[in-house]
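A closer look at the structure
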Amino acid sequence: MCRSRFASSFFLRCEMASGTRKGSMAASRDGFLSFKTDLDSSGPKNKRKKRLNKNKKKSWNKHSDVHDVEEFLEDVRLQERTLGGLISEKPDDNLFFVDAGDERRDSKLDKDKPLQVDVILQPDSRIPTPTDGLVSSEKPDGSRRRKDKPLRIDLILQPDSRVPAPKDVLAHQIPNAKKLRLIAQRAQQLEAHGVVPRRQRLLQARLQRSLAGKGKTNKPAANNDPQRGFYDLWSGAVPETADPWYLQQTKKMLVKRPARLNVKPSTLPAVEVPAPGASYNPDFLSHQALLLQGHEIELKKQKAELRLERQLAFPKEQIATRESAFQEEVEGLIEESDDEGPHDEYTPLYHAASGEKKTERQRKWERQLREREKRWKALRQARDRQQQLFRLRSLKAEVLQQEETTGRRQEARRAKKLEEESLPRRLGKLKYQEPDLDLQLSSEMAGSLRRLKPEGSILKDRFKSLQKRNLIEPRERAKFVRKHKLKYVEKRAFKEVTV
C-alpha cells in the first residue's frame, strides 16, 4: 500500500487543520475535512470574548465576526473547484490505490529512483547549507548522506496545542447496556443448560396447533390472544380457515350489512301495473270502472274547493244594510235612558273573611270531624275489599273482556301499520300528491295502435314512483325569484326618434 501525492498532502493538511483555532467551523461539521493549509495561527489562543450589545442591526454588522464562516465556505468552494466535491464525500478508491506488486512493472522501475514528492521538496539552490556538515553522516562506502530529519511541512502540520482532544463518550454509550448484557448472559446460561425461553415455547406451541388443526372452537379467538393460531399472509397457498379477521382483511368476506338497511321503506312494487281500463282497446266494463274512478277523484277535488270557498266567504250577518248604516251614523247622538235601578258605585265581588279568632272549642270540634271522616273512609275501603271477594266471577269476566278489547285494538293497530307501509310517508315539508289519472273518454278511444295518442311521461312516472315508495321526499320545481327589480331605461336611439 502506498500513497499518492494528493493523499500524503491531504493527511498532512488535515493534521494541521485539526490543531488550529480557525478550523472550528470545519470541525463543527461531522466528517468534514479541511483542504486549506494557510490557517492563521497567530493571536492568543484563549482570547476572552467581548460582551457587546447586539440588539440592533447596526451592532450586528459592526461586531459580528464571520471570519471563520467565510474561511469554511472558501475551503468548501476550493474543494469543489479542484476535486469536484468534498473530500469527506469522496470514496477511498479516489484517494488511494493498491500496489499489487507486479513483477514486470517492478523490474522496469528504477528502485533507486527517488519519489516525485521528494524531488519536488529538494532545494533548488546549489549552495550548500551551513549546517550540512552537522546533519550529514558517512555511508559505509565512504560517501556522505543526509541525516533523516523531519520535513518542514511535517513540523508545520503538527498540532501545537498541548490539550488532548476530548473523547466522545456518548458515541460509545448504549442505552440500558448493563441490563441488556445481563439478559444476554442469562439467555446464554439457559441455552447452555438446554432451557428454551417462554416466548419461543409459546410460538412453537402455536405453530404445532396450527399444523395439527387442534384447538378449533366455534367462537373465533380475539386478535390479541396469544393462543390464537396464526398463518403466513404472504404465502401463495390459501389457508383453509374460517377466521373472520383473515376473510375480512383479504376481502373474501364483506362487512356485515346492518339489518335496518335490509328493510324496504315501502311494500309497493317498483313498477305498478295499470288498470285494465287503461288499455288502448279495453272492454266496456273495465273502461267504465276507470272512468268512475276518475270521476270520484274530480268530485273530491271539487268538494275541497267548495269547502275552501265556504271558509273564506264573507258572512251574511256582517253585510251592511240601510238600517245598520243609519244606526252607525246616529250612534252617540241619542242618549239612551237606563231603566235599571240605582246601584252602588262599588259592589264587592266577594265577602271579606271575618277576622275573628277561632276558639279552642271550635278547633277541637273541627279536629273531631276530620278524624271521623278519615275513619269513615277507611271503613268504607275495608268493606269494598271484603265485597270484592264475593264478586270474583264478575272480576274474572271483566278481565277477560278487557283482554279481548286489548287484543282487538292490537290487531287493528297492526293492520293499520301494515296499511301505512304501503302509503307514502311525510319525509319533508311537502305532502305526496297523487299524479293525474291517465285515461281517455269513449269518444277519444283509438281502435288501433297507429292512431293511439301517447299520454303521460315515463320520466315523471318514475319520479313519482320514487316518491310514493318513500325513497325520496316530495319536491317541487324551484321558483325563479328576481334579485333586483327591472329597470326600464330609454336608449339613446329611441330618444332621437321624433315624430
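Remember, predicted model here, so these are calculated numbers, not experimental data.

1. Concerning the overall build of the chain
Regarding its fold elements, the chain presents 18 helices and two strands. Every one of the 499 residues in the chain was classed for burial, and the buried ones make up 10%. By sequence separation, contacts in the chain at least 24 residues apart represent 58% of the contacts at least 6 residues apart. A total accessible area of about 47,800 Å² is found for the chain, and carbon and sulfur atoms account for 54% of it.

2. Quick look at the side chain of His287
Position of His287 among the secondary structure elements: in helix 13 (residues 284–312). Using a relative accessible area of 7% as the deciding quantity, one classes His287 as buried. When sequence neighbours within four positions are dropped, the list of residues in contact with His287 reads Gly277, Pro282, Gln440, Leu441, Ser442 and Met445.

3. Remarks on the layout of surface pockets
The volume enclosed by the largest pocket comes to roughly 2,000 Å³. As for the largest pocket, its lining consists of 50 residues, of which Pro435, Asp436, Leu437, Asp438 and Asp461 are closest to the centre. Among the elements that line the lining of the largest pocket, the one with the most residues is helix 17 (residues 458–468), at nine residues. A class-by-class count of the residues in the lining of the largest pocket yields 23 nonpolar, ten polar and 17 charged.

4. Focus on a nonpolar patch on the surface
Among the surface-exposed residues, Val66, Val69 and Leu73 lie close enough to one another that they form a single nonpolar patch of about 200 Å² accessible area. For Val69, the position within the fold is in helix 4 (residues 67–83).

5. Comments concerning helix 10 (residues 177–192)
When the terminal C-alpha atoms of helix 10 are compared, their 22 Å separation across 16 residues agrees well with the 22 Å that a helix rising 1.5 Å per residue should span. Downstream of helix 10 by one or two residues, Gly194 has phi in the positive range, about 80°.

6. Topic: helix 17
Listed as buried for helix 17 are Ser465, Gln467 and Lys468. Buried residues of helix 17, seen end-on, are gathered within an arc of 160° and therefore sit on one face of the element. A distance of 3.4 Å separates the backbone nitrogen of Leu459 from a side-chain oxygen at the start of helix 17, and that oxygen is part of Ser457. The positive-phi residue at the C-terminal boundary of helix 17 is Asn470, with phi of around 65°.

7. Considering unusual backbone geometry
In this structure, Asn176 is a non-glycine residue whose phi angle is positive, near 55°. Checked against the element boundaries, Asn176 lands in the loop between helix 9 (152–157) and helix 10. Even without being a glycine, Asn470 presents a positive backbone phi close to 65°. As for its placement among the helices and strands, Asn470 is situated in the loop between helix 17 and helix 18 (492–496). Overall, Asn470 belongs to the buried group, its relative accessible area being 7%.

8. Some details on the pattern of salt bridges
Under the counting rule described, the total for this entry stands at ten salt bridges. The salt bridge partner of Arg475 is Glu473, with a shortest N-O separation of 3.1 Å. On the basis of relative accessibility, which here comes to 48%, the residue Arg475 falls in the partly exposed class. The exposure class assigned to Glu473 is partly exposed, which follows from its relative accessible area of 33%. Connected via shared salt-bridge partners are Glu74, Arg77 and Arg81.

9. Focus: the confidence of the model for the chain
Taken over all residues, the pLDDT of the chain has a mean of 77, while the share at 70 or more is 73%. Ignoring residues within four places in sequence, the model shows residues 1–28, a span with pLDDT below 50, making 52 contacts including any to other chains. In the predicted structure, residues 338–352 sits below a pLDDT of 50 and forms zero contacts with residues beyond four places in sequence or in another chain.

10. Considerations on the side chain of Asn470
Here Pro265 takes part through its backbone oxygen, which lies 3.3 Å from a polar atom of the side chain of Asn470. Discounting chain neighbours no more than four positions away, the residues touching Asn470 are Pro265, Ser266, Leu423, Pro424, Arg425 and Leu427.

Cut-offs used in this document
- Residues numbered from 1 in each chain as written.
- Predicted model: local features only at pLDDT ≥ 70, side-chain atom pairs only at ≥ 80, totals over all residues.
- Heavy atoms only, no water.
- Helix = DSSP H or I, 4+ residues; strand = E, 2+ residues; numbered from the N terminus.
- Buried < 20%, exposed > 50% of the residue type's maximum accessible area, 1.4 Å probe, protein only.
- Contact = heavy atoms within 4.5 Å.
- Areas by Shrake-Rupley, 256 points an atom, 1.4 Å probe, with all protein chains shown as cover.
- 1 Å grid on protein atoms, 1.4 Å probe; cavity = no way out; pocket = protein on both sides within 12 Å on 5 of 7 lines; lining within 4 Å.
- Points joined across faces, edges and corners; volume = space filled by probe spheres on them.
- Nonpolar A, V, L, I, M, F, W, Y, C, P; charged D, E, K, R; others polar.
- Patch = residues over 30% accessible without salt bridge, like charges linked within 9 Å, V, L, I, M, F, W, Y side chains within 5 Å.
- Salt bridge = Lys/Arg side-chain N within 4 Å of Asp/Glu carboxyl O.
- Expected span 1.5 Å × (residues − 1).
- Arc of directions from axis to C-beta.
- Polar contact = N/O pair within 3.5 Å; in protein donor to acceptor, adjacent residues only side chain to side chain.
- pLDDT = per-residue confidence, 0-100.

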